[in-house]
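# Understanding the architecture of this molecule
Next come the chains, spelled out residue by residue.
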Amino acid sequence: MAASIGIMDGAYFVGRGEILHWINATLQLSLAKVEEAASGAVQCQLMDMVHPGVVPMHKVNFDAKTEYDMIQNYKILQDVFNKLRIGKLGLKSGRAVSKFSGTNTVNIEVNKLVKGRPLDNLEFLQWLKRYCDSVNGGITNENYNPAERRTKGCKERTLKGSNKSSKSLQANRLSGPDSADGGPGVGKACNTFAEDHYIEQIQLLSEKIADLKVSVDSTEKERDFYFSKLRDIEILCQRPELEHLPMTKAIRKILYAADAKDSPLPEANEIITKSPGLFSDEAE
């Protein structure tokens, strides 16, 4: 868990170059300025890296260029912070508390971050690096594939038919790695990994379909087996010499019960119990 970060904490003495190198190396990006992370998407993925499964990456917009789209990313980030109660654990005193006030939640000054103000974005990224380094001793998951995680988010939005997102992806690919908005190189990553991602998803879905077919076949065979047993009992109960017997009536009461909620067994037992002489042989 993150410790409290005060005004003189070493986190705030980490330079821009080191912050950029850490982000680019960790997430396989090519940011040239800290304000290029103003959209909030980078921060979301850093949290996804240290807390797998907490961040809904399919909702994170790496191509956000308008303040409205950026704010949506920060709302996702705020929800993640609330779930993890980071405000209570990591932002208690010093400069951090003045910028991210609150005791149980982290109140991010989104209005300053989305405007691309370098100092505000730098300080937030400094704090975030300090937090990420405190989780699991700074040891990251070797199996974490940042480009693939971004690609899944891109393809999810594309499949939902967002024309605006599609145009942003195209603009990102044309602008190349030096684009200053919404995460450089992300559009290229989407383009590069899209085909492999589709193939992987098709294979996974095909395997699931095959497993479901096996399960359905097995269930149908089991159903037919027990149905044939019940049908044999029904035919036996329809024999003229047996159909008027109390036991036959009790069995038919169970077989033809229409209400699945109430068991017909008590009524069947009552039919047998009220039949005179049924257990006379046993009594003797």
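Keep in mind that what you see is a predicted model, and the values were worked out from it rather than measured.

Criteria and thresholds
Residues numbered from 1 in each chain as written. Predicted model: local features only at pLDDT ≥ 70, side-chain atom pairs only at ≥ 80, totals over all residues. Heavy atoms only, no water. Helix = DSSP H or I, 4+ residues; strand = E, 2+ residues; numbered from the N terminus. Buried < 20%, exposed > 50% of the residue type's maximum accessible area, 1.4 Å probe, protein only. Contact = heavy atoms within 4.5 Å. Salt bridge = Lys/Arg side-chain N within 4 Å of Asp/Glu carboxyl O. Core = buried A, V, L, I, M, F, W, Y, C linked by side-chain atoms within 4.5 Å. Axes fitted to C-alpha atoms, helices over the stretch in contact; angles between N-to-C directions. Parallel < 35°, antiparallel > 145°, perpendicular 65-115°, else oblique. Nonpolar A, V, L, I, M, F, W, Y, C, P; charged D, E, K, R; others polar. Phe/Tyr/Trp six-rings, centres within 6.5 Å; stacked < 30°, edge-to-face > 60°. Left-handed = near helix turned anticlockwise from the far one by under 90°. pLDDT = per-residue confidence, 0-100.

This paragraph deals with the overall build of the protein chain. Across its full length, the protein chain holds 13 helices and 0 strands. Beginning at the N terminus, the succession of helices and strands in the protein chain can be written as α-α-α-α-α-α-α-α-α-α-α-α-α. The proportion of buried residues among the 284 residues of the protein chain is 38%. Sequence separation of at least 24 residues holds for 64% of the intrachain contacts in the protein chain that already meet a minimum separation of 6.

This part is about the pattern of salt bridges. As enumerated under the stated definition, the model contains 10 salt bridges in all. A salt bridge links Arg117 to Asp120, with the shortest nitrogen-to-oxygen separation between them at 3.1 Å. A relative accessible area of 40% means that Arg117 is categorised as partly exposed. The partner of Arg231 in a salt bridge is Glu234, and the shortest N-O contact between them spans 2.5 Å. Taken together, the residues span about one helical turn, with Arg231 and Glu234 both in helix H10 (residues 186-237) at a distance of 3 residues. In this structure Arg231 comes out as partly exposed when scored by relative accessible area, which is 37%.

This brings us to the nonpolar core. Of all hydrophobic cores here, the largest spans 41 residues; its most connected members are Ile23, Val42, Leu46, Met47, Val55, Val60 and Phe81. The set of elements that each furnish at least two residues to this core consists of helix H1 (16-27), helix H2 (41-50), helix H3 (67-84), helix H6 (110-113) and helix H7 (118-134).

Although it is not a glycine, Gln28 sits at a positive phi angle of roughly 55°. Its identity is not glycine, yet Arg85 carries a phi of approximately 55°, on the positive side. As for its position among the elements, Arg85 is in the loop between H3 and helix H4 (86-90). According to the relative accessible area criterion, Arg85 is exposed, its value standing at 59%.

Looking at the secondary structure, you find Asn121 in helix H7. Apart from residues lying up to four places away in sequence, Asn121 is in contact with Val34, Glu35, Ala37, Ala38, Tyr74, Lys112, Leu113 and Gly116.

Two numbers describe how H2 lies on H7: the axes approach to 11 Å, and their chain directions differ by 5°. Of the possible angle classes, the one that applies to H2 and H7 is roughly parallel. Contact residues: Gln43, Leu46, Met47 and Val50 in H2; Phe124, Leu125, Leu128, Tyr131 and Cys132 in H7. Considered class by class, the residues forming the contact of H2 with H7 number 8 nonpolar, 1 polar and no charged.

A word on the packing of aromatic side chains. Throughout the structure, instances matching the rule amount to 4 aromatic pairs. A centroid spacing of 5.8 Å and a plane angle of 70° characterise the contact between Phe81 and Trp127, whose relative ring orientation is edge-to-face. Note that Phe81 is positioned in helix H3 and Trp127 in helix H7, a separation of 46 residues in sequence. Given a relative accessible area of 0%, Trp127 falls into the buried group. On the numbers, 5.1 Å between centres and 80° between planes, the contact of Phe225 with Tyr226 is edge-to-face. When its relative accessible area of 46% is taken as the criterion, Phe225 is described as partly exposed. Accessibility expressed as a relative area gives 47% for Tyr226, which makes it partly exposed.

Okay, the packing of H1 against H2 next. Helix packing geometry: the angle between the two helix axes and the distance between the axes. Viewed as axis vectors pointing N to C, H1 and H2 meet at an angle of 60°, and their least axial separation amounts to 11 Å. It follows that H1 is oblique to H2 by the angle criterion. When the axes of H1 and H2 are compared, the crossing they make is left-handed. Residues Trp22, Ile23, Thr26 and Leu27 of H1 pack against Val42, Gln45, Leu46 and Met49 of H2.

A few words on the confidence of the model for the protein chain. Per-residue pLDDT for the protein chain has a mean of 76; in total, 70% of the residues score no lower than 70. Across residues 157-182, confidence stays below pLDDT 50; counting only partners more than four residues off in sequence or on other chains, it has 42 contacts.

Now for the environment of Arg16. Tracing the backbone shows Arg16 in helix H1. Once the C-alpha coordinates of Arg16 and Lys33 are considered, the two residues, 17 residues apart in sequence, prove to be 8.0 Å apart. Excluding residues that lie within four positions of it along the chain, Arg16 makes contacts with Val34, Pro118 and Leu122.

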